[in-house]
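Results of the structural survey
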Amino acid sequence: ANILRNDFVWDDQYVIVDNPHIRHLDSIPGYFTSTKTQSSYDMKYYRPLRQIIFTLEYSLFGLRPTGYHLMSVLLHAANAVLGFIVLRLLSVSTISSFLIAGIHSIHPVHSEIVANITERADILFLFFYLLSMILVVKSVRAGNSNVYFAGAVASYVLSLFSKEMAITLPILLVLF
């Protein structure tokens, strides 16, 4: 809760405060074609979804960091809920799933990705990664439902547009 009062820190200066690209909604198409829009200096990351989210947040909050921090906290909480759902789909007991998701949500190792706004890529990646896993399981259990499968693919693409590590999802699903 104390991060809601924090200012922009570290790379937030380059990615949000000094980045002219997030100030205009018409910059969004460029996020898919150039890494130069990622910050005020060329970071060489391809994370268009993070930039879209920052652009939308800038239109809502301007340069008031509280809104950005609140969004990080809410997305992190949503990840705990999705983690709980994934564990339940894997037949982990309700109590164990709740404890594991709870420990994940409050563990200090996650403090940097929640407190540092620029690390939103990690939170977004995990959100869409877990959502894709859930939708794949639901697709299989529903007899290969095209609606669930399409949602899983869309979520996977959004996870890829958030952070590169999403590339591991198909391997994990094969192992599952």
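Going by the structure above, here's the rest.
Figured I'd write up the structure that's included with this text. Here the structure is a predicted model, which means the values were calculated and not measured. (Residues numbered from 1 in each chain as written. Predicted model: local features only at pLDDT ≥ 70, side-chain atom pairs only at ≥ 80, totals over all residues. Heavy atoms only, no water.)

Under the criterion given, the structure shown has six aromatic pairs. An angle of 70 degrees between the planes, with centres 5.5 Å apart, marks the rings of Phe8 and Tyr68 as edge-to-face. On the criterion of sequence distance, the pair formed by Phe8 in the segment before helix 1 (12–17) and Tyr68 in helix 4 (residues 65–89) is long-range, its members being 60 residues apart. Pairing Phe32 with Phe161 gives two aromatic rings, centres 5.2 Å apart and planes at 70 degrees, and the pair type is edge-to-face. Linking Phe32 in the loop between helix 2 (28–31) and helix 3 (48–61) with Phe161 in the loop between helix 8 (146–160) and helix 9 (169–175), this pair joins segments that are 129 residues apart in sequence. Exposure remark for Phe32: the relative accessible area of 34% places this residue in the partly exposed category. Relative accessible area serves as the criterion here: at 25%, Phe161 is assigned to the partly exposed category. Connected via pairs of aromatic rings, a cluster forms that spans Phe8, Phe54, Phe61 and Tyr68. (Phe/Tyr/Trp six-rings, centres within 6.5 Å; stacked < 30°, edge-to-face > 60°. Helix = DSSP H or I, 4+ residues; strand = E, 2+ residues; numbered from the N terminus. Buried < 20%, exposed > 50% of the residue type's maximum accessible area, 1.4 Å probe, protein only.)

Right, let's get into the environment of Leu56. Summarising the element assignment, Leu56 is placed in helix 3. A sequence separation of 32 residues divides Leu56 from His24, and the C-alpha atoms of the two residues are 8.9 Å apart.

Let us now look at a nonpolar patch on the surface. Taken together, the side chains of Ile95, Phe98, Leu99 and Ile103 make up a nonpolar region of the molecular surface, amounting to roughly 470 Å² of accessible area. Topologically, Ile103 is positioned in helix 5 (residues 94–106). (Patch = residues over 30% accessible without salt bridge, like charges linked within 9 Å, V, L, I, M, F, W, Y side chains within 5 Å. Areas by Shrake-Rupley, 256 points an atom, 1.4 Å probe, with all protein chains shown as cover. Salt bridge = Lys/Arg side-chain N within 4 Å of Asp/Glu carboxyl O.)

So, about helix 4. The terminal C-alpha atoms of helix 4, which comprises 25 residues, lie 36 Å apart, in line with the 36 Å expected from a rise of 1.5 Å per residue. A positive backbone phi angle near 70 degrees is found at Ser91, which sits one or two residues after helix 4. (Expected span 1.5 Å × (residues − 1).)

On to the pattern of salt bridges, then. A pair can form between side chains of opposite charge whenever their charged atoms are brought close. Going through the model one piece at a time under the given rule, you end up with three salt bridges. A salt bridge links Arg120 to Glu57; its shortest N-O distance comes to 2.7 Å. Here Glu57 lies in helix 3 and Arg120 lies in helix 7 (residues 120–141), a separation of 63 residues in the sequence. By relative accessible area, which is 0% here, Arg120 ends up buried. Taking the relative accessible area as the measure of exposure, Glu57 reaches 3% and is therefore buried. Salt-bridge contacts for Asp122 lead to Lys163; the nearest nitrogen and oxygen are separated by 2.4 Å. Taken together, the residues Asp122 in helix 7 and Lys163 in the loop between helix 8 and helix 9 connect sequence positions 41 residues apart. Here Asp122 matches Lys163 in class, with each residue buried.

All right, on to the packing of helix 7 against helix 8 then. At a minimum axis separation of 8 Å, helix 7 and helix 8 run at an interaxial angle of 160 degrees. As far as their axial angle goes, helix 8 and helix 7 are roughly antiparallel. In this structure, helix 7 meets helix 8 at a crossing whose hand is left-handed. Residues Phe125, Phe128, Tyr129, Leu131, Ser132, Leu135, Val136, Lys138 and Ser139 of helix 7 pack against Tyr148, Phe149, Gly151, Ala152, Ser155, Tyr156, Leu158 and Ser159 of helix 8. (Axes fitted to C-alpha atoms, helices over the stretch in contact; angles between N-to-C directions. Parallel < 35°, antiparallel > 145°, perpendicular 65-115°, else oblique. Left-handed = near helix turned anticlockwise from the far one by under 90°. Contact = heavy atoms within 4.5 Å.)

Our focus in this paragraph is the packing of helix 3 against helix 7. At a minimum axis separation of 9 Å, helix 3 and helix 7 run at an interaxial angle of 110 degrees. Taken together, the axes of helix 3 and helix 7 are roughly perpendicular relative to one another. Both helix 3 and helix 7 take part in a crossing whose hand is right-handed. Residues Leu49, Arg50, Ile53, Phe54 and Glu57 of helix 3 form the contact with helix 7, whose participating residues are Arg120, Ala121, Leu124 and Phe128. Broken down by class, the residue content of the contact of helix 3 with helix 7 amounts to six nonpolar, no polar and three charged. (Nonpolar A, V, L, I, M, F, W, Y, C, P; charged D, E, K, R; others polar.)

Geometric descriptors of this kind do not, in isolation, establish any biological role.
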